[in-house]
Amino acid sequence: QVQLVESGGGLVQTGDSLRLSCAASGRTFSTYSMGWFRQAPGKEREFVAAISWNGGTTRYADSVKGRFTISRDNVKNTVYLQMNSLKPEDTAVYYCAADMERRSSSRDYEYEYWGQGTQVTVSS
């Protein structure tokens, strides 16, 4: 079992930055990959970023490439999402997820554990 708790969301203006955190507990954090997804009102959940178990590989959705950075600290059992140059279209609930098979996938069905989400709202 893995428990995930996100934090760091909030209300910001266009062009601002936010850093989301996701604290993991349960199974050894360095044994699985992690991802961030988001869901805007009335839309399907979409992939944002993923990172391998050791942080050596990352992948991003085209919509956030160059603006968002995923990272992890395997000592603090935490994964981060640094979001810069935020836009109104980034408004969504952001979820972190854990993939026990280390796929660092962009497909949400390949993640076994999910956090409760944190709201990010970007005003224009």
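Above this text you will find the structure in question.
First, a word on what this report is: a plain description of the structure on this page. All residue numbers refer to position in the chain's written sequence, counted from 1. Local features in this predicted model are restricted to residues of pLDDT 70 or higher, and side-chain atom pairs are both shown and tallied only at a pLDDT of 80 or more, whereas totals for entire chains, interfaces and linings draw on every residue. Values reported for side chains reflect all heavy atoms of the structure, with hydrogen atoms and water molecules removed beforehand.

Here's the deal with the overall build of the chain
For the chain, the helix and strand inventory stands at zero helices and 11 strands. Note on conventions: DSSP H or I runs of at least 4 residues are helices, E runs of at least 2 residues are strands, and numbering of each starts at the N terminus. Listed by position from the N terminus, the elements making up the chain come as β-β-β-β-β-β-β-β-β-β-β. C-alpha atoms define the radius of gyration in this analysis, and the globule rule sets the expected value at 2.2 Å times the number of residues to the power 0.38. Against the 2.2 N^0.38 benchmark of 14 Å for 124 residues, the chain shows a C-alpha radius of gyration of 13 Å, consistent with a compact globule. Expressed along its principal axes, the backbone C-alpha trace of the chain runs to roughly 40 × 30 × 25 Å. The buried share of the chain, taken over its 124 residues, is 45%. Partitioning the contacts of the chain with sequence separation of at least 6, the portion at a separation of at least 24 is 58%. Per element, the accessible surface of the chain, about 6,200 Å² overall, is 44% carbon and sulfur. Buried means the residue's accessible area, taken with a 1.4 Å probe over protein chains only, is under 20% of the maximum for its type, while exposed means over 50%, and partly exposed covers the values in between. Contacts between residues were defined by any pair of non-hydrogen atoms, one from each residue, lying within 4.5 Å. In these tables, accessible area is a Shrake-Rupley quantity obtained with a 1.4 Å probe, and a residue counts as shielded only by the protein chains included in the view.

A short note on the state of the cysteines
Only a pair of cysteine sulfur atoms within 2.5 Å counts as a disulfide in this structure description. According to the stated counting rule, one finds one disulfide in the structure shown. The disulfide that involves C22 links it to C96, with 2.0 Å between the sulfurs. Disulfide C22 to C96: torsion about the S-S bond roughly 55°, handedness right-handed. Of this pair, C22 sits in strand β3 (residues 18–26) while C96 sits in strand β9 (residues 92–99), placing them 74 residues apart in sequence. Each of the two residues, C22 as well as C96, counts as buried.

Things to note about the side chain of T78
Residue placement: T78 occurs in strand β8 (residues 78–83). With residues near it in sequence (within four places) discarded, T78 still touches S21, C22, A23, F29, S71, R72 and D73.

Considering the pattern of salt bridges
One side-chain nitrogen of Lys or Arg within 4 Å of one carboxyl oxygen of Asp or Glu is enough to make a salt bridge. This structure, assessed with the given rule, holds eight salt bridges. Where E110 meets R107, a salt bridge forms, and the shortest distance between an N and an O atom there is 3.4 Å. Under the relative-accessibility criterion, E110 is labelled buried at 12%. A relative accessible area of 41% means that R107 is categorised as partly exposed.

Re the packing of aromatic side chains
The geometry of two aromatic rings is summed up by the distance between their centres and the angle between their planes. We call Phe, Tyr and Trp rings a pair once their centres come within 6.5 Å, taking the six-membered ring for Trp, and we label the pair stacked below 30 degrees between planes, edge-to-face above 60, and tilted otherwise. Using the criterion set out here, one finds five aromatic pairs in the structure. Look at F37 and F47: their rings are 5.6 Å apart centre to centre, the planes differ by 70°, and that puts the pair in the edge-to-face class. Placement of F37 in strand β4 (residues 33–39) and of F47 in strand β5 (residues 46–51) is noted, with a sequence separation of 10 residues between them. Just as F37 is buried, F47 falls in that class too. Look at F37 and Y111: their rings are 5.1 Å apart centre to centre, the planes differ by 80°, and that puts the pair in the edge-to-face class. Placement of the pair is F37 in strand β4 and Y111 in the loop between β9 and β10 (113–114), with a sequence separation of 74 residues. Each member of the pair, F37 as well as Y111, carries the same accessibility label: buried. Clustering of aromatic rings is evident, with ring pairs tying together F37, F47, Y111 and W114. Lysine NZ or arginine CZ positioned within 6 Å of the ring centre and within 35 degrees of the ring normal marks a charge as sitting over the ring. Taking NZ or CZ as reference, R45 lies 3.9 Å from the ring centre of W114, over its face. The ring of W53 has R102 sitting right over it, with the charged end atom 4.6 Å from the ring centre.

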